[in-house]
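An overview of the molecular structure
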Amino acid sequence: MHGNIELKKMIDLNNLPNHVAVIMDGNGRWAKKQGLSRILGHKKGTEAVRHVTEACAELGIPYLTLYAFSTENWNRPKDEVDALMNLLINTINDELNTLQQNNIKLNAIGNLLQLPEQARNNLLQTIHATKNNTRLTLTLALSYSSHWEIAAMVASIAKKVKSGELDPEQIDQKIIEQNLNTYPIPFPDLLIRTSGEYRISNFLLYQLAYTELYFTNTLWPDFNKDEFYKAIIDYQKRERRFGKISEQIQQKNSEK
Ligand code: IPE
Ligand code: IPE
Ligand code: MG
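To keep things clear, this report deals only with the structure shown in the data block. Everything quoted here is computed from the prediction, not taken from an experiment. (Residues numbered from 1 in each chain as written. Chains lettered and ligands numbered in written order. Predicted model: local features only at pLDDT ≥ 70, side-chain atom pairs only at ≥ 80, totals over all residues. Heavy atoms only, no water.)

1. A short note on the sheet that holds strand S5 (residues 190–193)
What holds strands together in a sheet is hydrogen bonding between their backbones, with the strands either parallel or antiparallel. To keep things clear, this is the line we draw: One bridge is not enough; two strands pair if DSSP finds at least two bridges between them. By the criteria applied, helices consist of DSSP H or I runs no shorter than four residues and strands consist of E runs no shorter than two, each listed in order from the N terminus. Think of each axis as a best-fit line through the C-alpha atoms, taken over the contacting stretch in the case of a helix, with angles from 0 to 180 degrees between the N-to-C directions. In this analysis, two residues are considered to be in contact whenever any of their non-hydrogen atoms come within 4.5 Å of each other.
Ordered in space as S3-S4-S2-S1-S5-S6, the six strands form an open sheet in which the pairing is parallel. Edge strands, defined here as strands with exactly one partner in the open sheet, are strand S3 (104–109) and strand S6 (212–215). Direction aside, neighbouring strands of the sheet carry axes that sit 20° apart on average. Relative to strand S4 (residues 136–144), strand S2 (residues 63–70) runs parallel, the two sharing seven bridges. Looking at the pairing, Leu 66 lines up with Leu 140 of S4. In the packing of helix H8 (residues 225–236) onto the sheet, contacts are made with strand S1 (19–23), S5 and S6, and the angle to S5 comes to roughly 135°.

Here is the structure:
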């Protein structure tokens, strides 16, 4: 499917976000509206994953992170959790060639030990097979939550202190960031959440400190390249001040 040429043309290629993160929400409501099972909504959602991944690669955005399954999602009915895990296994198998052909590196964050063995093995194999690809790093957040990540970060720092590798005095923002699961991926510039929910749902809490937030009512299975371009265009209208005043930012822009 090709996007709307006009929208794509409105994008300033010199002001792209370096990293886009997405909370892919609304598969269940999309399915309900169509009179289909929630599972078919998730299946349809994988097409939107393809559109957005392709759009990033084509525009030249080097990092894309997708919230695919949260720690809290384990509390869904067992048949839905099982179906999501099977979908994960099948999609990863089907997409390996596409990832290689498009020079896309697969990555994952989250408590992967909680995934069923086959899902984890497929995932790790594909991550390994694509590790030298350079065009786009596609990170899947699976069994991920920020509260889990922050607990793991503290445990990892504590271990280093205990072994003598690290002095407690040395602990600063940099050490914290280096022990997050997302390291060394830069923080997101733009977060997109679909389906009209205005919340973060335990996603990248530390990393989103200065991220621009974009919310749309579009349900994830309906999200396509044009929807993605709209989010980028909206992002490009924002002035990112990082605590400074507008004049300082404009001066810096005019020096470019
Ligand atoms: C997002 O869609 C996919 C996952 C969380 C796995 P939902 O399944 O949350 O869809 P809604 O929110 O019920 O519509
Ligand atoms: C957030 O969606 C998690 C993912 C998109 C994987 P949810 O549908 O689980 O979010 P809440 O629970 O409604 O906030
Ligand atoms: Mg939801």
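2. So, the pairing of S5
To keep it simple, the criterion reads: Three labels apply to residues, based on accessible area from a 1.4 Å probe with only protein chains included: buried if under 20% of the type maximum, exposed if over 50%, partly exposed otherwise in between.
In S5, alternate side chains face the same way, and those of Leu 190 and Ile 192 on one face and Leu 191 and Arg 193 on the other are all buried. The pairing of S1 with S5 spans four bridges and is classified as parallel. Counterpart to Ala 21 in the pairing with S5 is Leu 191. Pairing of S5 with S6 involves four bridges; the strand directions are parallel. What sits directly across from Ile 192, in S6, is Tyr 214.

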